[in-house]
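# Fold and geometry: a report
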Amino acid sequence: MLKENLSKVEQNILAACEKSTRPRSEVTLIAVSKTKPAEMLQEAYDAGVRDFGENKVQEICDKYEVLPSDIRWHMIGHLQRNKVKYIIDKVCMIHSVDSYRLAEEINIQAKKHRIVMPVLIEVNIADEQTKFGVSKEDAIQLIEEAAHLDNISIQGLMTVAPYVTDAEENRKYFQEIKQLAVDIQAKNIDNVAMRVLSMGMTGDYAVAIEEGADMVRVGTGIFGERNYSRK
Ligand SMILES: *Cc1c(COP(=O)(O)O)cnc(C)c1O
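In short, a report on the structure. (Residues numbered from 1 in each chain as written. Predicted model: local features only at pLDDT ≥ 70, side-chain atom pairs only at ≥ 80, totals over all residues. Heavy atoms only, no water.)

Grouped burial of nonpolar side chains is what soluble globular proteins tend to show. If you look at the biggest cluster of nonpolar residues, it comprises 70 residues, and the most contacted ones within it are F52, I94, I106 and L157. Excluding residues that lie within four positions of it along the chain, L157 makes contacts with L120, I121, V123, I143, I177, L180, A181, I184, M194, V196, L197 and S198. (Core = buried A, V, L, I, M, F, W, Y, C linked by side-chain atoms within 4.5 Å. Buried < 20%, exposed > 50% of the residue type's maximum accessible area, 1.4 Å probe, protein only. Contact = heavy atoms within 4.5 Å.)

For residues that are not glycine, phi is negative in most cases, and the peptide bond is trans in most cases. The residue R114 is not glycine, and still its phi comes out positive at about 55 degrees. Locating R114 in the fold gives a position in the loop between helix 5 (100–112) and strand 5 (117–122). The exposure class assigned to R114 is exposed, which follows from its relative accessible area of 79%. Phi is positive for N191, close to 70 degrees, though the residue is something other than glycine. Relative to the assigned elements, N191 resides in the loop between helix 7 (171–186) and strand 7 (192–198). (Helix = DSSP H or I, 4+ residues; strand = E, 2+ residues; numbered from the N terminus.)

The next thing to look at is the packing of aromatic side chains. A full pass over the atoms with the stated rule returns one aromatic pair. Relative to W73, the ring of F52 lies with its centre 5.8 Å away and its plane at 35 degrees, an arrangement referred to as tilted. Of the two residues, F52 sits in strand 2 (residues 51–54) while W73 sits in strand 3 (residues 72–75), which places them 21 residues apart along the sequence. Accessibility classification places F52 together with W73 in one group, the buried group. Stacked on the ring of Y45, the Lys or Arg R50 has its end atom at 3.5 Å from the ring centre. Of note, K90 hangs over the ring of Y64, and the distance from its end group to the ring centre comes to 5.5 Å. (Phe/Tyr/Trp six-rings, centres within 6.5 Å; stacked < 30°, edge-to-face > 60°. Lys NZ or Arg CZ within 6 Å of the ring centre and 35° of its normal.)

Every residue near the ligand is listed here: V32, K34, I76, V160, M201, T202, R217, V218, G219, T220 and R226. Here K34 contributes a side-chain N or O atom positioned 2.6 Å from an oxygen atom of the ligand. A distance of 2.8 Å separates an oxygen atom of the ligand from a polar atom in the side chain of R226. Protein coverage of the free-state accessible area of the ligand, which is 390 Å², stands at 88%. (Near = heavy atom within 4 Å. Polar contact = N/O pair within 3.5 Å; in protein donor to acceptor, adjacent residues only side chain to side chain. Areas by Shrake-Rupley, 256 points an atom, 1.4 Å probe, with all protein chains shown as cover.)

Let's shift gears to helix 5. Between the first and last C-alpha of helix 5 there are 19 Å, a value that for 13 residues agrees with the 18 Å anticipated at 1.5 Å per step. Every buried residue of helix 5 is listed here: L102, A103, E105, I106, N107, Q109 and A110. Contacts made by the buried residues of helix 5 are with helix 4 (84–87), strand 4 (91–97), strand 5, helix 6 (136–146) and strand 6 (152–158). Immediately downstream of helix 5, the backbone of R114 shows phi near 55 degrees, a positive value. (Expected span 1.5 Å × (residues − 1).)

When a strand is regular, its side chains alternate between the sheet's two faces. The element strand 7 is largely enclosed, with a buried count of five among its seven residues. The pairing of strand 6 with strand 7 spans four bridges and is parallel. Residue G156 lies in a different strand from strand 7, and its bridge partner there is V196. Taking the sense of rotation as the criterion, the β-α-β connection linking strand 6, helix 7 and strand 7 turns out right-handed. (Pairing = 2+ DSSP bridges. Right-handed = clockwise from strand over helix to strand, strands pointing away.)

Following this line, the structure appears as structure tokens:
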């Protein structure tokens, strides 16, 4: 089942790349494995997946212990400052930076480990009350402030678009994020490179790729529906 799901997602990614004349190699598929058991991640790993996305610190730590060490773990969920220390040496990128204080804490922990942590700024593009992330205006200010932190590297933007039944409804938001990245790039801020747009989930990743996504985060489309009650 998982293998068929994966190859279907892969076909859709290829089609979106062809439609927008982008090389497939420009797009990274992140398999969002939150709530799923390690065995399912192993199955995806065996099918070739190396990038996994998780939204809980505890889950990253648990799965990190038991799964192969060449997995690239992406922190995609809301991150509390007091938990940064548990994942700083385990993840390859933090997609969900939405405050200066969080950026500062990641910087402190990264310095302790003598690493530079790649981060993305999470933008709440549709200004939804229920979502994390900063507004477009605040994103620019946050990036300008956080740019001087030596042990983080700001590599782009992340967004969680609204839940819609027709992916076309989100196209305008993906275009807005792309434009925001272009505008920020044009400011030529030291230590800031807008080279990653992390956008697109199961319902809308094809549209996101057409609009410039470099990383798509697909959970349900690969692993099936999540069952939160069974935990
Ligand atoms: C859960 C989650 C996803 C994946 O969602 P699906 O609709 O299952 O593909 C992507 N990004 C974030 C930030 C998530 O929390």
